[in-house]
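# Coordinate inspection notes
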Amino acid sequence: MVLTGYSWLFLSAAFLSVGAEITITPQPAKPSEGDNITLAVQGLSGDLLAYNWYAGPTLSLSYLVASYIVSTGDETPGPAHTGREAVRPDGGLDIQGVLPRHSGTYILQTLNRQFQTEVGYGHLQVYEILAPPVVTANSTALVERRDTLYLTCSSPSPAEVRWFFNGEALPITIRLGLSPDGRVLTRHGVRREEAGAYQCEVWNPVSVSRSEPINLTVYFGPERVAILQDSTTRTGCTIKVDFNTSLTLWCVSRSCPEPEYVWAFNGRALKNDGQDHLNISSMTAAQEGTYTCIAKNPKTLLSGSASVVVKLSAAVVATMIVPVPSRPMEGQDVTLTVPGYPKDLLVYAWYRGPASEPNRLLSQLPSGNWIAGPAHTGREVGFPNCSLLVQKLNLTDAGRYTLKTVTLQGKTETLEVELQVAHLE
């Protein structure tokens, strides 16, 4: 009998399989897509007439890849032939440029001259060359302890997944949740130390591919708000400053993002354009008091504050009159400040020249209000700390100014100063 085409398939059904066990082994053992592979056969016995190769779980015609006649070398493709398969004379099966869809069960059926058949089974797993996965997040900017992070690793491959944080393998922690397939990572109540770069990696035995990093920012604070002077923490302290010297206060905190800063003096907001430092350019008694820094985080909506007390040093408590600025120019304003003015002050009066009634510019009453005197020009203003503001100076404002003070105990003191006004050229 001469066998052609598929005719022996039907003959073989009438005979029992006999002989040694046939084994089928892929070479290489872990092929990747695009490789040329061979399903090598061991355990063939007897004088064989033909081979049938199937790509499927049963000896079904629909799974038939090819039939091969040993004596003639004739090969007949079957319904499952993809154009890449070829039967070898030794019974093996070559597959050129193997693809992941070639994975599965393969069956070799042999026929000997006694028209007996043997069957061997093997499995082929083709591993794909993996494309980089993509990591997406519910948000890349979260508030500490309030928000939950969800990261998803997307890949068309069913490969295994592992996660990386700042380039290192991500350790499994109590708060780290992973979906059963490892592709969704959850962090409840995210912490600041969890800010950084996240990546996922897909892998199989022949290929590894990692995603581009996605960067997470965690907002927190402000915390530990403090006021510094010359790099020294002064929060809650009293800072002593020499008269007419400068002072810079710095506000610091732990916060992400950098907070917005508001400065206040004795409870009243100062104009400082949100800067983290405050400059006091020329210290006078009028600037003694409590300075407060308020740090506000626009993302967490939290705030914190710190305060210091600033006072003139004891060495300058002696009463004197000091013009600020010291050499004002024509058209400028000048303030005649009085460091060390009596704290138990009852009334005071300013004079343009000697202390006489015709020369009186203004007086302050016990009520705190001041009244204009005969020499008042409309440009002078008095303050509770005895200071006198003269606005829009002209050259005739130069000369002697006299201050007379009276304390609650009836002590009277008279001070004088010579004001110089520079000509504006």
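Residues numbered from 1 in each chain as written. Predicted model: local features only at pLDDT ≥ 70, side-chain atom pairs only at ≥ 80, totals over all residues. Heavy atoms only, no water.

Per an unreviewed UniProt entry, the protein chain goes by the name Cell adhesion molecule CEACAM16 and belongs to Camelus ferus.

## Comments concerning the environment of Tyr 121
With respect to the helices and strands, the residue Tyr 121 is situated in strand E9 (residues 117-124). In sequence terms Tyr 121 and Thr 105 are 16 residues apart; their C-alpha atoms lie 7.2 Å from each other. Aside from chain neighbours lying at most four places away, what touches Tyr 121 is Ile 22, Ile 24, Pro 57, Thr 105, Tyr 106 and Ile 107. (Helix = DSSP H or I, 4+ residues; strand = E, 2+ residues; numbered from the N terminus. Contact = heavy atoms within 4.5 Å.)

## Some points on the state of the cysteines
Under the defined criterion, the tally for this structure stands at two disulfides. The disulfide that involves Cys 153 links it to Cys 200, with 2.0 Å between the sulfurs. On the sign convention where negative means left-handed, the S-S torsion of about 70° between Cys 153 and Cys 200 marks this disulfide as right-handed. Taken as a pair, Cys 153 in strand E12 (residues 149-154) and Cys 200 in strand E17 (residues 196-204) lie far apart in primary sequence, 47 residues in all. An identical accessibility class is assigned to Cys 153 and Cys 200; each is buried. At a sulfur-sulfur separation of 1.9 Å, the disulfide partner of Cys 251 is Cys 293. (Disulfide = S-S within 2.5 Å. Buried < 20%, exposed > 50% of the residue type's maximum accessible area, 1.4 Å probe, protein only.)

## Structural notes on the pattern of salt bridges
Counted by the stated rule, this structure contains 13 salt bridges. As a salt-bridge pair, Arg 146 and Asp 147 come within 3.2 Å of each other at their nearest N and O atoms. The class of Arg 146 is exposed, set by a relative accessible area of 54%. One salt-bridge network, in which partners are shared between bridges, spans Arg 88, Asp 90 and Asp 94. (Salt bridge = Lys/Arg side-chain N within 4 Å of Asp/Glu carboxyl O.)

## Quick notes on the sheet that holds strand E36 (residues 412-419)
Here five strands make up an open sheet; going across it, the order is E32-E31-E30-E35-E36 and the pairing antiparallel. Edge positions in the open sheet fall to strand E32 (370-372) and E36, since each of these has one partner strand only. For this sheet the average axis-to-axis angle between neighbouring strands, irrespective of direction, equals 15°. Two elements, strand E35 (residues 399-407) and E36, share eight bridges in a ladder whose sense is antiparallel. Bridging across to E36, Val 406 finds its partner in Thr 412. (Pairing = 2+ DSSP bridges. Axes fitted to C-alpha atoms, helices over the stretch in contact; angles between N-to-C directions.)

## Some remarks on the packing of aromatic side chains
Per the stated rule, a full pass over the model turns up three aromatic pairs. Both rings, one in Phe 165 and one in Tyr 198, keep their centres 4.8 Å apart while their planes meet at 45°; by these two values the pair is tilted. Residue Phe 165 is located in strand E13 (residues 160-165), and its partner Tyr 198 is located in strand E17; the two are separated by 33 residues in the primary sequence. Note on Phe 165: relative accessible area 18%, which makes it buried. You can call Tyr 198 buried: its relative accessible area is 1%. The side chain of Arg 192 reaches across the aromatic face of Phe 220, ending 3.9 Å from its centre. We note Arg 210 situated over the ring of Phe 164; from NZ or CZ to the ring centre the distance is 3.6 Å. (Phe/Tyr/Trp six-rings, centres within 6.5 Å; stacked < 30°, edge-to-face > 60°. Lys NZ or Arg CZ within 6 Å of the ring centre and 35° of its normal.)

## Considering the sheet that holds E12
The strand order across the open sheet built from four strands is E10-E12-E16-E15, with neighbouring strands paired in antiparallel fashion. The sheet terminates laterally at strand E10 (134-137) and strand E15 (176-178), the two strands that pair on one side only. With direction set aside, neighbouring strand axes in the sheet form an average angle of 20°. Bridge analysis of E12 against strand E16 (residues 184-187) gives four bridges, and the strand direction is antiparallel. Its bridge partner being in E16, Tyr 150 is matched across the sheet by Thr 186.

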